[in-house]
Amino acid sequence: MKLQFLSAGRVRLKKSIYDRTADRSETFEAPVSSALIRHKQGNVLFDTGCHPSVVEHGEERWGSLMKVMTPVMRAEDTLLPNLACVGVDPDDIDVVVNSHFHPDHCGCNQFFKKATIMVHAKEIEAANAPGAETAGYLRADWDHGQKTDAVNGERDVFGDGKLVLIPLPGHTPGTMGAQVNLDSDGSFLLVSDAVSLRENLDADTVPRNTWNAEALLKSFAEIRRIEKAGAIVVCGHDDAQWQSLRKGTEAYE
């Protein structure tokens, strides 16, 4: 089995969302990523990043979300070109796992027409709730008619312990992570926005863009437990960590 990290966009975020002591005018650039898991039973994508249209038409696609998250990417930073660079076509993807349904995590779902979308049942409920768009759920990003597999609790995707989906609610009601257990390079825990920046986990601080603080702190505890058992925690938008990871054709195995 292989794990390959792929660029799926880049955004500018408000620092005060993650650090309550920061000035509200302070911003920073952050990666948006996807992970390709190549298993003998099928190809899985964990998150699909930003829709390519936001490179030039962010306001049109994201609307008021642009106040807190601004695209600063080039076309080549989005998912499909990076997937092509590792020799994979959208139709080669069997499963798309969405950690949650925010637009920087499911923006390219529409291109994976043959894939089953795996997402937590509570996230589907949240995305369909009244006023969901004001909570960051844009139907143009997540609703494309593919077969959907609603996850409840932990899910061993292939039944062999190699790829296990783990509920990590708090950022949203249905945020999920994925534990990838490799033969040579060990275990990786992809936590998405359960931990956007490592500093929040280390300091046990809750970002402002959190749906439920109590649930997030419990997810922090679960993440620390899995990390203590030997997993490498891969955060959702931590640029320093992103720079340190192997990417593209330099796979983990």
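Residues numbered from 1 in each chain as written. Predicted model: local features only at pLDDT ≥ 70, side-chain atom pairs only at ≥ 80, totals over all residues. Heavy atoms only, no water.

Turning to the packing of aromatic side chains, a few remarks are in order. Scanning the model with the defined rule gives five aromatic pairs in all. With a centroid separation of 5.9 Å and 80 degrees between ring planes, the pair formed by Phe 5 and Tyr 252 is classed as edge-to-face. With a gap of 247 residues between them, Phe 5 in strand β1 (residues 2-14) and Tyr 252 in the segment after α8 (239-244) connect regions that are remote in the sequence. As far as the burial class goes, Phe 5 and Tyr 252 line up, both buried. Judged by centre distance (5.9 Å) and plane angle (75 degrees), the ring pair of Tyr 18 and Phe 28 falls under edge-to-face. Pair noted here: Tyr 18 is in the loop between β1 and β2 (27-39) and Phe 28 is in strand β2, with a separation of 10 residues, a long-range link. (Phe/Tyr/Trp six-rings, centres within 6.5 Å; stacked < 30°, edge-to-face > 60°. Helix = DSSP H or I, 4+ residues; strand = E, 2+ residues; numbered from the N terminus. Buried < 20%, exposed > 50% of the residue type's maximum accessible area, 1.4 Å probe, protein only.)

Let's shift gears to the sheet that holds strand β7 (residues 148-151). Spatially, the seven strands line up as an open sheet ordered β4-β1-β2-β3-β5-β6-β7, and their pairing is mixed. Two strands lie at the open edges of the sheet, namely β4 (69-71) and β7, each paired on one side alone. Ignoring which end each strand starts from, the neighbouring axes of this sheet average 30 degrees apart. Two strands pair when backbone bridges link them, and strand β5 (residues 95-97) and strand β6 (residues 116-120) are joined in this way by three bridges, in the parallel orientation. Of the residues in β6, the one forming a bridge with Val 97 is Met 118. Where helix α4 (residues 121-128) meets the sheet, its contacts fall on β6 and β7, and the angle it forms with β6 comes to roughly 90 degrees. (Pairing = 2+ DSSP bridges. Axes fitted to C-alpha atoms, helices over the stretch in contact; angles between N-to-C directions. Contact = heavy atoms within 4.5 Å.)

Turning our attention to helix α7 (residues 213-228). Compared with an ideal rise of 1.5 Å per residue, which puts 16 residues at 22 Å, α7 spans 22 Å between its outermost C-alpha atoms and is within 8% of the ideal. Looking only at α7, the buried set comprises Ala 215, Leu 216, Ser 219, Phe 220, Ile 223 and Ile 226. Projected down its long axis, α7 carries its buried residues within an arc of 145 degrees, all on one side. Turned more than 90 degrees off the buried face of α7, the exposed positions are Glu 214, Lys 218 and Lys 228. Buried residues along α7 sit against β9 (163-167), β10 (176-182), β11 (186-192), α6 (198-203) and β12 (232-235). Near the N-terminus of α7, the side chain that reaches the backbone nitrogen of Glu 214, with its oxygen 3.1 Å away, is that of Asn 212. Looking one or two residues beyond α7, the residue adopting positive phi is Gly 230, at roughly 120 degrees. (Expected span 1.5 Å × (residues − 1). Arc of directions from axis to C-beta. Polar contact = N/O pair within 3.5 Å; in protein donor to acceptor, adjacent residues only side chain to side chain.)

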